[in-house]
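# Per-entry structural report
This is what each chain is made of:
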Amino acid sequence: MTGSALVKLSEQAECQVAIADVIPDIVALMKDADNSVRLSTVSALVKFSEQANFRAAITGVIPDIVAQLNDCDYDVYSTTVSALQKFSEQSEFRASIAGVIPDIVLWLNDSDNYVRLSGVSMLVKFSKKAEFRAAIAGVIHNIVALLKDTNDDVRSSTLLALEKFSAQAELQATIAGVIPKIIALLKDSDNYVRLSGVLTLGKLSEEGVVCVKFRAAIAPAIPDIIALLTHSNNNIRLSGVSTLVKFLEQVDFRATIASAIPDIVALLKDSNNKVRLSGVSALVKLSEQAEVRAAIAGVIHDIAALLKDSDNSVRSSTVSAQVNLSEHVEFRAAIAGVIPDIVALLKDCHNYVRLSGVCTLVKFSEPVEFRAAIAGVTHDIVALLKDSDNSVRSSTVLALVNLSEHGALTFGALSNFPEQAEFQAAIANVIPEIVALLKDSDNYFRLSGISTLVKFSEQAEFRAAIADVIPDIVALLKYSDNDIRSSTVSALVKFSWQAEFRATIAGVIPDIVSLLKDSHYDVRSSTVSALENLSKQADFRATIAGIIPDIVALLKHSHHDVRSSTVSAVAKFSEQVDFRAAIVFVIPDIVALLEDTYLQSHTQVLDLLVQLAAHAFSQYGYFTNIKLRMVLCAFRHFYIPGSPLQHCVRVEILYLC
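Here's a quick rundown of the structure.

Thresholds applied
- The numbering scheme is per chain: residues are counted from 1 as the chain's sequence reads.
- At least 70 in pLDDT is required for a residue's local features to be given in this predicted model, at least 80 for side-chain atom pairs to be given and counted, and no such filter applies to totals for whole chains, interfaces and linings, which use all residues.
- Note that the side-chain values use all heavy atoms of the structure and ignore hydrogens as well as water.
- Strands here mean DSSP runs of E at least two residues long; helices mean DSSP runs of H or I at least four residues long; both are numbered from the N terminus.
- Exposure classes here rest on a 1.4 Å probe applied to the protein chains alone. A residue is buried below 20% of its type maximum, exposed above 50%, and partly exposed in between.
- Between two residues, a contact is recorded if the distance between any of their heavy atoms is within 4.5 Å.
- Expected span, for any helix, means 1.5 Å times one less than how many residues it has.
- The definition of a polar contact used here is a pair of N or O atoms within 3.5 Å, where within protein one atom must be able to donate a hydrogen and the other to accept one, and adjacent residues in sequence count solely through side-chain atom pairs.
- Salt bridge, as used here, is a side-chain nitrogen of Lys or Arg placed within 4 Å of a carboxyl oxygen of Asp or Glu.
- Pairing of aromatic side chains requires ring centres within 6.5 Å, counting the rings of Phe and Tyr and the six-membered ring of Trp. Pairs whose planes differ by under 30 degrees are stacked, by over 60 edge-to-face, and all others tilted.
- Charge over a ring is defined by NZ of Lys or CZ of Arg lying within 6 Å of the ring centre and within 35 degrees of the ring normal.
- Relevant arc is that of directions from the helix axis to the C-beta atoms, nothing else.
- As used here, the term nonpolar core means buried Ala, Val, Leu, Ile, Met, Phe, Trp, Tyr and Cys residues forming a set that is joined through side-chain atoms within 4.5 Å.
- For helices, the axis comes from a line fit to the C-alpha atoms of the stretch in contact; other axes are also lines fit to C-alpha atoms, and the angle between any two N-to-C directions lies between 0 and 180 degrees.
- To sort the angles, those under 35 degrees are grouped as roughly parallel, those over 145 as roughly antiparallel, those from 65 to 115 as roughly perpendicular, and the leftovers as oblique.
- Note on convention: near helix rotated counterclockwise from far helix by under a right angle means a left-handed crossing. Clockwise means right-handed.
- In the scheme used here, Gly and all other residues not listed as nonpolar or charged are polar, with Ala, Val, Leu, Ile, Met, Phe, Trp, Tyr, Cys and Pro taken as nonpolar and Asp, Glu, Lys and Arg as charged.

### Overview of the overall build of the protein chain
Across its full length, the protein chain holds 46 helices and 0 strands. Relative to its full complement of 657 residues, the protein chain shows a buried share of 53%. Long-range pairs, those at least 24 residues apart, make up 64% of the contacts in the protein chain between residues at least 6 apart in sequence.

Shown next, in the form of C-alpha cells:
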C-alpha cells in the first residue's frame with residue numbers, strides 16, 4: 001500500500017488506531033533503497049502529524065526522521081527539513097526536537113552551502129518557540145562563526161539570524177556576549193568578513209532591536225568603524241558610514257560619532273559615487289543633532305561643491321540635501337551663497353536633477369532669508385515650462401498651481417509665491433508664459449494652464465493681467481477635447497467669483513449655454529452645474545433670464561441627452577425666483593416631454609414638474625394643467641405591465657393629486 005493511500009485512510013477515524021500501530025514499520029521505509037519511497041514516507045509522516053491520534057507514535061521516531069537529514073538525495077533532505085519545521089509547530093514534538101538541536105548545529109560546518117543555510121534557517125525557525133531558546137542560546141557562538149563563511153548567502157542569512165535572535169529576550173544576554181567576537185571581525189583580513197561584521201553591528205543597533213546590553217558592547221567598536229571610512233574597499237567604506245548613521249539613533253553613541261565629521265567630510269571627495277552620496281546623507285543626519293551643527297556649518301561649502309559633481313545622482317541628492325540643511329537657521333547664511341549653483345542645475349542635462357532644483361528653490365521660498373534671491377530667479381524656473389522633458393514641464397506646472405498648507409509640494413515651486421509680496425511682481429511677469437500653455441500641443445498642459453490661471457486669479461494683484469486673457473480661455477469652449485471643454489466651463493465659473501471678471505463672464509454665458517448641446521455627457525453635466533452656479537450670482541441673472549427661451553428651445557432638440565441636460569438646467573434655474581416668470585411660459589413644452597420616448601427623461605420631467613408645483617406656479621394658472629397632463633400620461637403608463645415608470649408615477653400622482 002502506498003504512502004498516499006495510508007494518508008487517505010488516516011482521515012478515517014476507524015483506521016487511525018491500526019495505522020498508529022504500524023508507524024514503526026512505516027518509519028522503516030525511510031531506509032528504502034528507492035528515494036521516492038523515502039520521500040513519500042517523510043511526507044506521509046508529516047501528514048499523519050496533523051492528526052492528534054498519531055502524535056504520540058511520531059514523537060518516538062523523531063530521531064529517525066532527523067537521520068534523514070543525512071540522505072544523499074536532495075529532495076529527501078529538503079523535505080525532511082520542512083518536516084522538522086512543521087513538527088516544531090506542534091507542542092507534543094518540541095521536547096524531542098530540542099534534543100536534536102546539537103545534530104542540526106553540525107550542519108553549520110557542512111561543506112554544502114545549502115546545508116549550512118538550512119541549519120541557520122531551521123534554528124531561526126525554532127527560536128520563535130520558547131522551548132527551544134535555551135538550546136539555541138548554547139550554540140549562538142557556532143552561528144556567529146558563519147559570519148566568516150566564504151559564501152555570501154550564508155553570511156547574509158547569519159546576519160539576519162542574529163538580528164532575529166536579538167529580538168528574543170532569552171537570547172539577548174548571549175548575543176551581547178558574542179558582540180566582541182563580531183567586533184573582532186572588523187579587522188579580519190577578508191573584506192567580506194569585515195563587511196559582515198559592520199552590517200551585523202548596524203543591525204543590532206537598530207531601533208526596536210537594541211537593548212542596553214547591546215549598546216555597552218557595541219560602543220567600543222565605533223572607533224574601529226570610523227577607521228573603516230578610509231578602507232580601500234568601496235563597500236566597506238559605504239557600510240561603515242551607513243552603520244555610523246544608524247548609530248546616531250542612539251544618544252550614547254553621538255559624541256564619539258561627532259568626532260568623525262572630518263573623516264565623513266573626506267568621503268565627499270571619494271572616487272566612488274555611492275560613497276560620496278553616503279557622506280552627504282551622513283552629514284545631513286548629523287545636522288539633526290544641535291550639538292554638532294557648529295561643526296557642520298563649517299563644511300556646508302564642501303557639501304555644496306557636489307552640486308557640480310560629475311555624477312547626476314550625486315548632484316540631485318546634494319540639491320535635496322540643501323533643503324534638509326536649510327531647516328536649521330544656523331546654516332542659512334552659508335546656503336544662501338549656493339543658490340546660484342542650484343539655479344544653474346535648472347539647465348542640467350538630466351531631467352531629475354532639474355526637477356530637484358525646482359523643488360529645492362521652492363522650499364527655499366519659505367525662509368525669509370532666501371526670498372529676495374528666489375524672487376530674482378522665478379524666470380529661470382518658469383523657463384522649464386518649455387523644457388524638452390514632459391515630466392519636467394509637468395512638475396513645473398504643478399509647482400505653479402498646487403498650494404499646500406505648508407507652502408510647498410513634492411515638486412512645488414511658485415504656487416506659494418502669490419501669498420508673499422516678494423514674489424507677486426515676479427509672478428505677474430510670467431503670466432504670459434502660463435497663457436502660452438493654453439495653446440500647447442499636449443492637452444495635459446492646456447489643462448494645467450487653465451488651472452494655474454484660476455489659482456492665480458484668487459490674488460487681486462494678478463486679476464488685471466488675467467482679465468486680458470479670458471478670451472483665450474473662452475476659445476477653449478470649442479476645443480476638440482471634452483476634458484478641456486469641461487474644465488474651461490468650470491474655470492469660467494471660478495473666475496465669475498471675482499468682481500473684476502464678471503462683465504466679461506456675462507458676455508460669454510451664451511457660449512456656455514451652447515455646451516448643453518455638447519456630444520459628451522461630462523461637458524453637458526459641467527455646463528448644467530456652471531449655469532446653476534452662475535444663476536446664484538445676482539450679476540448674471542438678467543443675462544440668464546434673457547436667454548431662458550433659447551435654453552428651453554433645447555427641450556425640443558433631436559438628441560435625448562441634450563433634452564435631458566436642458567431639463568436639469570431648467571430645474572436648477574427654477575430655484576431662483578427671478579427666473580420663474582420666464583419658466584412658467586414654457587411649462588407646456590416641459591409637459592410635452594412626458595410623451596418623450598426616452599424613459600430617463602420621463603423621470604426627470606416628473607421630478608421637475610413636482611419641483612415647479614412646489615414653487616407655487618398655480619398662481620399663473622398652469623398648475624391645474626400640469627396635474628391634468630400628468631394624470632393622463634401617468635394613467636397610460638400605470639396600466640402598462642412591467643413599465644419602469646409605474647412606481648415613480650404612482651408616487652408623483654399621490655404627491656400632486
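So that's the structure; there's more coming.
### Some thoughts on helix α35 (residues 482-495)
Look at α35: 20 Å from first C-alpha to last across 14 residues, which is about the 20 Å you get at 1.5 Å a residue. The buried fraction of α35 amounts to 10 of the 14 residues, a majority that puts the element mostly inside the structure. Looking only at α35, the buried set comprises Asn482, Ile484, Arg485, Ser486, Thr488, Val489, Ala491, Leu492, Val493 and Phe495. At its buried positions, α35 is contacted by α32 (443-456), α33 (460-467), α34 (470-474), α36 (502-507), α37 (509-513) and α38 (521-535). Between a side-chain oxygen at the N-terminus of α35 and the backbone nitrogen of Asp483 the separation is 3.0 Å; the capping residue is Asp481.

### Notes on the pattern of salt bridges
Pairing between side chains of opposite charge can happen when their charged atoms approach one another. In this structure the tally under the stated criterion is 29 salt bridges. One salt bridge connects Glu89 with Lys129, and the closest N-O pair in it is separated by 3.6 Å. Here Glu89, found in the loop between α7 (74-87) and α8 (91-99), pairs with Lys129, found in the loop between α10 (113-126) and α11 (130-137); they are 40 residues apart in sequence, far enough to count as distant. According to the relative accessible area criterion, Glu89 is partly exposed, its value standing at 38%. Here Lys129 falls in the partly exposed class, since its relative accessible area comes to 21%. A salt bridge links Lys148 to Asp188; its shortest N-O distance comes to 3.4 Å. Taken as a pair, Lys148 in the loop between α12 (140-144) and α13 (152-166) and Asp188 in the loop between α14 (169-184) and α15 (191-204) lie far apart in primary sequence, 40 residues in all. Residue Lys148 is classed as partly exposed on the basis of its relative accessible area of 46%. Where salt bridges share partners, they join Glu89, Lys125 and Lys129 into one cluster.

### Considerations on the packing of aromatic side chains
Think of a pair of aromatic rings as described by two things: how far the centres are apart, and how the planes are tilted against each other in angle. Considering all chains together, one arrives at 9 aromatic pairs under this definition. Between Tyr74 and Tyr114, the ring centres sit 5.1 Å apart and the planes meet at 55 degrees, which makes this aromatic pair tilted. In this pair, Tyr74 is assigned in helix α7 and Tyr114 in helix α10, connecting sequence segments 40 residues apart. Here Tyr444 and Phe445 contribute two aromatic rings whose centre-to-centre distance is 5.2 Å and whose plane-to-plane angle is 85 degrees, an arrangement assigned as edge-to-face. A residue is classified by how much of its surface remains accessible, and Tyr444, at 35% relative accessible area, is partly exposed. Given a relative accessible area of 1%, Phe445 falls into the buried group. Sitting over the face of the ring of Phe445, Arg393 holds its NZ or CZ atom 3.9 Å from the ring centroid.

### Remarks on helix α19 (residues 251-258)
An α-helical turn contains 3.6 residues, so a residue and the one three or four places further along point in the same direction. Here α19 has its buried residues at Phe253, Arg254, Ile257 and Ala258. Within α19, the buried residues cover an arc of 130 degrees as seen down the axis, which keeps them to one side. In this fold, the buried residues of α19 make contact with α16 (212-218), α17 (222-227), α18 (234-247), α20 (261-266) and α21 (273-286).

### Digging into the side chain of Asp348
Its place among the elements puts Asp348 in the loop between α26 (339-344) and α27 (351-364). For Asp348, a relative accessible area of 11% translates into the label buried. With near-sequence residues (within four places) excluded, Asp348 lies in contact with Arg315, Val353 and Arg354.

### Focus on the nonpolar core
Burial of nonpolar side chains together is a common tendency in soluble globular proteins. Counting 124 residues, the largest nonpolar core has Phe87, Phe165 and Leu201 as the members making the most contacts within it. Every residue in contact with Phe165, bar those within four places of it in the chain, is listed here: Leu123, Val124, Ser127, Ile136, Ile140, Ile143, Leu171 and Ile175. Within the second largest apolar cluster, 70 residues are counted, among which are Leu385, Val489, Phe501 and Leu554.

### Notes on the environment of Ile548
Looking at the secondary structure, you find Ile548 in helix α40 (residues 548-553). Note on Ile548: relative accessible area 2%, which makes it buried. Beyond its immediate chain neighbours, meaning those up to four positions away, Ile548 contacts Phe573, Phe579, Ala582 and Ile583.

### Regarding the environment of Arg215
Of note, Arg215 is situated in helix α16. Owing to a relative accessible area of 23%, Arg215 belongs among the partly exposed residues under this scheme. On a C-alpha basis, the gap between Arg215 and Gln250 in space is 8.3 Å, while along the polypeptide they are 35 residues apart. Within the structure, the side chain of Arg215 is placed 3.2 Å from the side chain of Gln250, a separation counted as a polar contact.

### With respect to the packing of α14 against α15
Where α14 contacts α15, the axes come no closer than 10 Å and their chain directions differ by 150 degrees. It follows from the interaxial angle that α14 and α15 lie roughly antiparallel. Considering only the axes of α14 and α15, their crossing is left-handed. Packed against α14, whose contacting residues are Ile175, Ile179, Ile182 and Ile183, the element α15 presents Gly197, Thr200, Leu201 and Leu204 at the interface. Looking at side-chain class alone, the contact of α14 with α15 contains 6 nonpolar, 2 polar and no charged residues.

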